[in-house]
Amino acid sequence: MIGSFEGKTVLVTGAGIGIGYAICRSFAGAGAAVALNDIDPAVAAEAAAAINQEVGSQRVFAHPFDVADVDAVRGHMAEFAGRHGHLDIVVANAGITIYGPFINYTVEAFDRLTAVNLRGTFFTAQAAARQMIARGQPAGRIILMSSVTGVQALPNLSAYGSSKAAISHLAKVLALELGHHHITVNAIAPGATLTERNLADDADYEAHWAVVTPTGRLSFVEDIAETARFLASDEAAQISGQTITVDGGWTNRSPMPVGFPELK
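My aim in this report is to walk through the structure given alongside it, one point at a time. Worth saying up front: this structure is predicted, and the values here are computed from it rather than measured. (Residues numbered from 1 in each chain as written. Predicted model: local features only at pLDDT ≥ 70, side-chain atom pairs only at ≥ 80, totals over all residues. Heavy atoms only, no water.)

## Considering the sheet that holds strand E6 (residues 183–190)
The strand order across the open sheet formed by seven strands is E3-E2-E1-E4-E5-E6-E9, and the pairing between neighbours is parallel. Looking at the sheet topology across the chains shown, the edges are occupied by strand E3 (60–64) and strand E9 (243–246). Adjacent strand axes in the sheet meet at a mean angle of 20°, parallel and antiparallel pairs treated alike. This element, helix H4 (residues 107–134), spans strand E4 (89–92), strand E5 (140–145) and E6 of the sheet and lies at about 175° to E5. Contacting E5, E6 and E9, helix H5 (residues 158–178) crosses the sheet at an angle of about 165° to E6. (Pairing = 2+ DSSP bridges. Helix = DSSP H or I, 4+ residues; strand = E, 2+ residues; numbered from the N terminus. Axes fitted to C-alpha atoms, helices over the stretch in contact; angles between N-to-C directions. Contact = heavy atoms within 4.5 Å.)

## A few points about unusual backbone geometry
In this structure, His182 is a non-glycine residue whose phi angle is positive, near 65°. Looking at the element boundaries, His182 is found in the loop between H5 and E6. A positive phi angle is found at Ser254, which is not glycine, with a value near 60°.

## So, the pairing of E4
As a general feature of sheets, a regular strand has side chains that alternate between the two faces. Across the two faces of E4 the burial is the same, with Ile89 and Val91 and Val90 and Ala92 all buried. The pairing of strand E1 (residues 9–12) with E4 spans three bridges and is parallel. Bridged to Val10 within E4 is Ile89. Relative to E5, E4 runs parallel, the two being bridged by four bridges. Among the inter-strand pairings, Val90 is bridged to a residue of E5, identified as Ile142. (Buried < 20%, exposed > 50% of the residue type's maximum accessible area, 1.4 Å probe, protein only.)

## Comments concerning the nonpolar core
Membership of the largest hydrophobic core comes to 33 residues, with the highest contact counts inside it found for Met77, Leu87, Ile142, Leu144 and Val185. Those elements that provide at least two residues to this core are strand E2 (33–38), helix H3 (70–84), E4, H4, E5, H5 and E6. Looking at this core, the element that brings in the most residues is H4, giving seven residues. Those residues in contact with Val185 that lie beyond four places of it in its chain are Ile142, Leu144, Ala171, Leu174, Ala175, Leu178, Ser240, Gly241 and Gln242. Among the nonpolar cores identified, the runner-up in size contains 31 residues, and Phe27, Ala47, Ala48 and Leu231 belong to it. (Core = buried A, V, L, I, M, F, W, Y, C linked by side-chain atoms within 4.5 Å.)

Put into structure tokens, the structure is as follows:
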């Protein structure tokens with residue numbers, strides 16, 4: 001059973017809505033102090049306030065910045081760690097999807113996507129590791145967010161899928177480099193997950209994906225949040241360099257739903 005996170009500090013990027021929000025909510029509910037990041041200051045403040053009201057305590061703090069801005073990442077990480085005296089867990093969740101066929105994909109779209117997904121993840125992890133090492137913590141947890149699109153090829157996601165495949169490999173390399181500092185690094189690869197963004201793309205998203213998922217349902221944000229909480233727990237101390245796929249078994253065969261719109 002995963003224990004309490006009372007006294008722990010957690011920073012989650014891209015957490016104003018969706019999976020990131022659920023991760024913040026899960027850790028705050030377990031007693032942690034949480035830095036909630038979103039690129040939009042108003043969204044970050046509203047999300048933090050909503051979770052604080054739910055848990056009945058001031059545990060979540062808004063940290064608005066763009067993860068593609070490395071100086072901002074480092075500054076906010078240092079500020080949060082300095083306020084609480086330590087930084088225990090960082091979840092590099094921020095990411096964007098820009099659909100498009102490979103043959104027509106633009107330099108501008110590629111640069112923005114990789115700046116957020118890959119550079120943002122890389123330097124979020126680096127800033128986290130530096131804080132953890134400098135403070136001489138007994139253990140640190142860094143969790144990256146990959147995707148099943150980094151495992152299986154989907155049309156019009158060449159740039160996005162490549163960035164997510166790179167993140168899974170990054171977890172392996174960082175596990176090697178940071179292990180002797182008592183820091184574990186893992187990635188989570190969500191499959192079809194019910195989020196605001198996915199519902200905006202397809203109003204029938206839940207029904208479409210439930211049919212082709214072996215468990216008979218798609219994933220909910222809480223499924224991903226609980227996986228993150230497990231990887232951050234003492235029970236997962238010997239898990240490092242792994243990508244945990246949370247997709248109800250979809251990647252075993254990876255069928256596409258009938259009627260699912262082609263996203264471009």
